[in-house]
Amino acid sequence: MENEDPRNGESSQQHQPTKKPRLTRFITEAEIRGEFAHHLSGIARINNGSFGSCPGSVLAAQRKWQLKFLQQPDDFYFNTLRQGILHSRTVVKDLINADNVDEVSLVDNATTAAAIVLQQVGRSFADGKFHNNDTVLMLHCAYEAVKKSIHAYVTCAGGSVIEVQLPFPVNSDAEIITEFRKGIEKGKSDGRKVRLAIIDHITSMPCVVTPVRELVKICREEGVDQIFVDAAHAMGSVKVDVKEIGADFYVSNLHKWFFCPPSVAFLYCKKTSSSSDVHHPVVSHEYGNGLPIESAWIGTRDYSSQLVVSSALEFVNRFEGGICGIMKRNREKVVEMGKMLAESWGTKLGAPPEMCASMIMVGLPSTLRVMSQDDALRLRSYLRSNHGVEVPIHYQAPRDGEAVVKDKDEFIKAYARISHQVYNTLDDYCKLRDAINQIVDDPQISEKLFTE
Ligand SMILES: Cc1ncc(COP(=O)(O)O)c(C=O)c1O
C-alpha cells in the first residue's frame, strides 16, 4: 500500500466544533420503536450493557459507508476513509473535552485499548525500565478480559498485580476510596512502585459508578506513574470530561451506550512523553506514525462503524437534552425499575442510586438458592430460553468479615444487573419480575435448574 496521501489528525488542522442541529420537534415514541424495529420482538432486553444497541438510522448510515467502499475501494481509501475517521475523532474530541484531536484514537473496543496500554507497560518491564515486582493496581472486579491482558502483557514480563477489593453491596464513594488507598499502600510496600493503576469508571459485574476523579487524584498524590481508566460503559451513560478526570488513558466503547454499531471505541491518550510509546497491537503500514494514524489503517477491513459516530450523535440529538437528556432519563428509569423489583422480591439494591448510571444491581430473593457462579449462569440461560428475558446475573460469594445484606429469609447472594435504554418499556421489567416470582413459587424449578 502506497503512503502517498496526507496524514489525518495533524495538530495544525482546524476543526469545526460539533454543532447541534436545529430541531423543530423531538423524536416520538413511535419513531423510537421504528428505530429499533429490528430487535426481536417479545424479548425483554434489559442487558444493554453487554453489547449495546444500534438504531436503524445509524445502521442505514453504516450501510452507505460500506457501499461507498465497495463501489470504488481505491478512491475510498485514498480520498474518503482518512478524512472520515478524522471527522469521527473530532466529534469525539469535542464530546469528551480533549485538548487535541491527536489525543483521540478510534479502535475496535475496550479490549483493544487495554492491549495498547498494557503492551506499553509490558515493554517497560521487558526493557528493564521498570523493576521486577513493580506493580499494576486494579479493582478485583476488573473486566476478565482486562485481567487476562494484564497477565499476558505485564505479569509475564515481570510485573506484579495488586487487586483492590471493591466493597459490594456498596454504600458510598468513601468505602471505595478507603479500599483503594489500602491497595496503593500495598503496591508501594517493599520499595516497589505502582507503574499503572487501572480504574473502572463503571464496573462491569457488579456494576457501580466509581468516584473516578477522586481515585485519579489519589494516584497522582501517591506517585502512581500512569493511570488508565477503563470506562467501557461510560460514553452515553455518564458525563465524560477527560480533562476533569485527569487520567493518562481513558477508553470508552461507543457501541454500548452511544448507539454506534459494533464495534468502535475511542482511546484518549493524554499528550505526554510516554504517550508516544503506545502502539496498536496490529502492526501495519502506519506503524510509528502515532496511535491515531496507526489505528486508522490496520489492514483491509470494514471501517464503517468508525465512520458513523456523527450519525449516532445526530440520533441522540433528536432526544430532548441530547445525550445528557438520555443519560438522565435512563438513570431515573433504571433506579425506578430497580426499586420496583426490589420491593416486589423483598430485597435491596446493590448500590445507592447516586452510584448508578444506566445499570443497577437488584438483589434476587435468597429463596432462589443461587449458590455459585455456575448457578447464576444457569439462571441467566433459563430466563432467556423460558421467559425471553436477557439479563446478566451476578453471584456474590460471601467474604470473611464483610457486612452481608439479608432479605426476609436469608443473605442475598445473587443480583440481577438490569439496564435501561431508550427502547425499554415497563413490560420488560415486569417480565423479569414475574419470571423470578414464578421460580420462587415453584421450588421444583430451582431444584431442577441448579442440581442438574
Ligand atoms: C469494564 C469493562 N471493560 C472492558 C470491557 C470490554 O469491552 P469490549 O468487549 O467492547 O472490548 C467491558 C465489556 O463489557 C467492560 O464491561
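Reading guide: rules and limits
- Residues numbered from 1 in each chain as written.
- Predicted model: local features only at pLDDT ≥ 70, side-chain atom pairs only at ≥ 80, totals over all residues.
- Helix = DSSP H or I, 4+ residues; strand = E, 2+ residues; numbered from the N terminus.
- Rg over C-alpha atoms; globule rule 2.2 N^0.38 Å.
- Buried ≥ 20, exposed ≤ 12 C-beta atoms within 10 Å, placed from the backbone.
- Contact = placed C-beta atoms within 7 Å.
- Domains from an automatic or database assignment.
- Nonpolar A, V, L, I, M, F, W, Y, C, P; charged D, E, K, R; others polar.
- Pairing = 2+ DSSP bridges.
- Near = placed C-beta within 6 Å.
- Expected span 1.5 Å × (residues − 1).
- Arc of directions from axis to C-beta.
- Axes fitted to C-alpha atoms, helices over the stretch in contact; angles between N-to-C directions.
- Parallel < 35°, antiparallel > 145°, perpendicular 65-115°, else oblique.
- Left-handed = near helix turned anticlockwise from the far one by under 90°.

**Let's talk about the overall build of the chain**
For the chain, the count of helices and strands is 16 helices and twelve strands. The globule rule puts the C-alpha radius of gyration for 452 residues at 22 Å, and the 23 Å found for the chain is close to it. Taking the principal axes of the C-alpha coordinates as reference, the chain spans close to 70 × 60 × 40 Å. Going through the 452 residues of the chain one by one, you find that 48% of them count as buried. Within the chain, contacts between residues separated by at least 24 positions form 70% of all contacts whose residues are at least 6 apart in sequence.

**A word on the domain arrangement of the chain**
Under the domain assignment used here, the chain contains domain 1 (64–312) and domain 2 (323–451). Spacing between the C-alpha centres of domain 1 and domain 2 amounts to 29 Å. Across the boundary between the two partners, domain 1 contributes 14 residues, which contact 19 residues of domain 2. Of the residues contributing to the side of domain 1 that touches domain 2, the split by class is eleven nonpolar, three polar and no charged.

**Some details on the pairing of strand β9 (residues 359–363)**
Each regular strand carries side chains that alternate between the two faces of the sheet. Burial analysis of β9 places five of its five residues in the buried class, which makes it a mostly covered element. Side chains of β9 alternate between two faces, with Met359, Met361 and Gly363 and Ile360 and Val362 buried alike. Sheet topology places β9 next to strand β12 (residues 414–419); five bridges connect them, and they run antiparallel. Each bridged residue has a counterpart across the sheet, and for glycine 363 the counterpart in β12 is tyrosine 415.

**A short note on the site of the ligand**
Every one of the 14 residues lining the ligand counts as a neighbour, but Asn109, Thr111, Tyr143, Ser204 and Ala232 are closest to it. Those elements giving two or more residues to the shell around the ligand turn out to be α5 (110–126) and α6 (144–153). For the shell around the ligand, a count of residues per class yields five nonpolar, seven polar and two charged.

**Regarding helix α7 (residues 173–187)**
For α7, built from 15 residues, the straight-helix expectation of 21 Å at 1.5 Å per residue is met to within 8% by its first-to-last C-alpha distance of 21 Å. Those residues of α7 lying buried are Ile176, Phe180, Gly183, Ile184 and Gly187. Looking straight down α7, one finds that the buried residues subtend no more than 95° of arc, so they occupy a single side. Residues of α7 that are exposed and point more than 90 degrees away from the buried face comprise Ala174, Thr178 and Glu185.

**A closer look at the sheet that holds β9**
One open sheet accounts for three strands, arranged β9-β12-β11; its pairing is antiparallel. Two strands bound the open sheet, and with one partner strand each, they are β9 and β11 (393–395). If you compare each strand with its neighbour and ignore which way they point, the axes differ by 30° on average. The pairing of β11 with β12 spans three bridges and is classified as antiparallel. The partner of isoleucine 393 across the bridge, within β12, is alanine 416. Of the strands in this sheet, β9 and β12 are in contact with helix α13 (residues 322–345), which crosses β9 at around 5°. The sheet contacts of helix α14 (residues 373–387) involve β11 and β12, and relative to β11 the element is tilted by about 165°.

**So, the environment of lysine 68**
On the secondary structure map, lysine 68 appears in helix α3 (residues 56–71). It is 44 Å that separates the C-alpha atoms of lysine 68 and glycine 338, two residues lying 270 residues apart in sequence. Beyond its immediate stretch of four places on either side in the chain, lysine 68 contacts Phe76 and Thr80.

**Brief notes about the environment of histidine 279**
Position of histidine 279 among the secondary structure elements: in the loop between β8 (265–269) and α10 (291–295). On the basis of neighbour count, histidine 279 is assigned to the partly exposed category, with 18 C-beta atoms found within 10 Å. Sequence spacing of histidine 279 and serine 295 is 16 residues, and the spatial spacing of their C-alpha atoms is 8.4 Å. The residues contacting histidine 279, other than those within four sequence positions of it, are Ile116, Tyr287, Leu291 and Glu294.

**A closer look at α3**
Along its 16 residues, α3 runs 22 Å from first to last C-alpha, staying within 8% of the 22 Å computed at 1.5 Å per residue. Inspection of α3 places Val58, Ala61, Gln62 and Trp65 among the buried residues, and these make up the whole buried set. With its buried residues spanning 100° around the axis, α3 presents them on a single face. With respect to the buried face of α3, the exposed residues turned more than 90 degrees away are Ala60, Leu67, Leu70 and Gln71. As for α3, its buried residues are in contact with α11 (304–307) and α12 (309–316).

**Observations concerning the packing of α7 against helix α8 (residues 212–221)**
At a closest axis distance of 10 Å, the pairing of α7 and α8 adopts a crossing angle of 25°. Classed by the angle they form, the pair α7 and α8 counts as roughly parallel. Our pair here, α7 against α8, has a crossing hand that is right-handed. Along its contact with α7, which presents Asp173, Ile177, Phe180, Arg181 and Ile184, the element α8 presents Glu214, Leu215 and Ile218. For the contact of α7 with α8, the per-class residue count stands at five nonpolar, no polar and three charged.

**Quick word on the sheet that holds strand β4 (residues 160–164)**
As summarised here, the arrangement of the seven strands in space is β2-β8-β7-β6-β5-β3-β4, forming an open sheet in which the pairing is mixed. Only two strands of the sheet have a single partner each, and these edge strands are β2 (104–107) and β4. The mean angle between the axes of side-by-side strands here comes to 20°, regardless of whether they run parallel or antiparallel. In this structure, strand β7 (residues 249–253) lies alongside β8, joined through five bridges in antiparallel fashion. Bridge assignment links phenylalanine 249 to a residue of β8, and that residue is cysteine 269. Relative to strand β5 (residues 194–200), α8 is tilted by about 175°, and along the sheet it contacts β5 and β6 (226–230).

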